[in-house]
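Close look at the chain arrangement
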Amino acid sequence: HRVPSLAVAPGPHGATGIPLEARVSLAEGVLRATSLQDRLAPIVAIVGHGASTVNNPYDSALHCGACGGNTGEANARVTAMILNDPDVRDALAGRGLEVPADTWFVAGLHDTTTDEVTFFDETLLPAGLGPRLEQLRASFSSAGHGARAERARRFDLPAGTDVDTAV
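Just so you know, these numbers come straight off a predicted model, no measurement behind them.

Right, let's get into the overall build of the protein chain. Summing up its helical and strand segments, the protein chain has 4 helices and 3 strands in all. Listed N to C, the secondary structure of the protein chain is α-β-α-α-β-β-α in terms of helices and strands. Within the span of the protein chain, comprising 167 residues, buried residues form 31% of the whole. A sequence separation of at least 24 residues applies to 64% of the contacts in the protein chain between residues at least 6 apart.

Written out as structure tokens, the structure reads:
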């Protein structure tokens, strides 16, 4: 399913509300900590995690601990916004971190219950990157299928069980 784009009115500190110097420091930290500063693909996925549950009093325990028991959606979306910000990219270049003009950071959320990945703010994706995002989506879908198949063996499901639809 498609998730609507984040509708944020830019303020004095951009769409995130974070001052430029802090955004630049955050972006630099992300790029250096992930060792991505010189190996950026046309699309880089920033994926948080969370879990879908129904009527579970412990649902927050299944979400991201670093996000205070919430999903990582907000962090992924804000991180992608910061890394796509032209002002941040210009300042990063001054610090020796050149983000290629054709690189786009896309935010997503990995549902650890279903192993499905949802991407956000796809309407912001630059023209021409749609096919690459579809390739990425297919790769995540294949990986999710593999994870479900591996987990199914632990539950002694009958051979031939469709792990993508079994409940």
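Here the narrative resumes.
Running from N to C, helix α1 (residues 20–33) and helix α2 (residues 73–84) cross one another at 105°; their axes reach a closest spacing of 9 Å. In terms of axis orientation, α1 runs roughly perpendicular to α2. Note on element contacts: α2 touches α1 through Thr79, Ile82 and Leu83, opposite Arg23, Leu26, Ala27, Val30 and Leu31. Residues that form the contact of α1 with α2 fall into these classes: 6 nonpolar, 1 polar and 1 charged.

A word on the nonpolar core. Counting residues in each nonpolar core, the largest one holds 18 residues, and the members touching the most others are Leu31, Leu92 and Phe105. For this core, the elements supplying multiple residues, two or more each, are α1, β1 (43–50), α2, α3 (86–94) and β2 (104–111). The contacts of Phe105, once residues within four sequence positions are left out, are Leu31, Leu40, Val44, Ile46, Ala80, Leu83, Asn84, Arg89 and Val99. Core analysis: the second largest hydrophobic core is formed by 8 residues, Ile43, Trp104, Val117 and Leu125 among them.

On to the sheet that holds strand β3 (residues 116–119), then. Ordered in space as β1-β2-β3, the 3 strands form an open sheet in which the pairing is mixed. The open sheet terminates on both sides in strands that have one partner only, identified here as β1 and β3. Taking each pair of neighbouring strands and ignoring which way they run, the sheet shows an average axis angle of 30°. Relative to β2, β1 is paired through 8 bridges, and the arrangement is parallel. Counted as the bridge partner of Val47 is Gly108 from β2.

Turning to its location among the elements, Arg148 is positioned in helix α4 (residues 130–154). Owing to a relative accessible area of 16%, Arg148 belongs among the buried residues under this scheme. Side chain to side chain, Arg148 and Asp164 meet in a polar contact 2.7 Å long. What Arg148 contacts, discounting residues up to four positions off in sequence, is Thr114, Asp115, Ser141, Val163 and Asp164.

The topology assignment puts Arg89 in helix α3. Buried and unpaired, Arg89 has no salt bridge, with Asp102 as the nearest side chain of opposite charge at 7.1 Å. Contact partners of Arg89, with chain neighbours within four places excluded, come to Leu83, Asn84, Val99, Pro100, Ala101, Thr103, Trp104 and Phe105.

A separate point is the layout of surface pockets. Empty space left among the atoms is revealed by rolling a probe the size of a water molecule over them. The volume enclosed by the second largest pocket comes to roughly 310 Å³. Every residue lining the second largest pocket is counted, 21 residues in all, and those nearest its centre are Ala15, Ala80, Met81, Asn84 and Leu124. Elements with a minimum of two residues in the lining of the second largest pocket: α2 and β2. A per-element tally of the lining of the second largest pocket places α2 first, with 5 residues. Here the residues of the lining of the second largest pocket sort into 13 nonpolar, 4 polar and 4 charged.

About the thresholds
- Residues numbered from 1 in each chain as written.
- Predicted model: local features only at pLDDT ≥ 70, side-chain atom pairs only at ≥ 80, totals over all residues.
- Heavy atoms only, no water.
- Helix = DSSP H or I, 4+ residues; strand = E, 2+ residues; numbered from the N terminus.
- Buried < 20%, exposed > 50% of the residue type's maximum accessible area, 1.4 Å probe, protein only.
- Contact = heavy atoms within 4.5 Å.
- Axes fitted to C-alpha atoms, helices over the stretch in contact; angles between N-to-C directions.
- Parallel < 35°, antiparallel > 145°, perpendicular 65-115°, else oblique.
- Nonpolar A, V, L, I, M, F, W, Y, C, P; charged D, E, K, R; others polar.
- Core = buried A, V, L, I, M, F, W, Y, C linked by side-chain atoms within 4.5 Å.
- Pairing = 2+ DSSP bridges.
- Polar contact = N/O pair within 3.5 Å; in protein donor to acceptor, adjacent residues only side chain to side chain.
- Lys, Arg positive; Asp, Glu negative; His and termini not counted.
- Salt bridge = Lys/Arg side-chain N within 4 Å of Asp/Glu carboxyl O.
- 1 Å grid on protein atoms, 1.4 Å probe; cavity = no way out; pocket = protein on both sides within 12 Å on 5 of 7 lines; lining within 4 Å.
- Points joined across faces, edges and corners; volume = space filled by probe spheres on them.

Remember, this is a structural readout, not a statement about activity or role.
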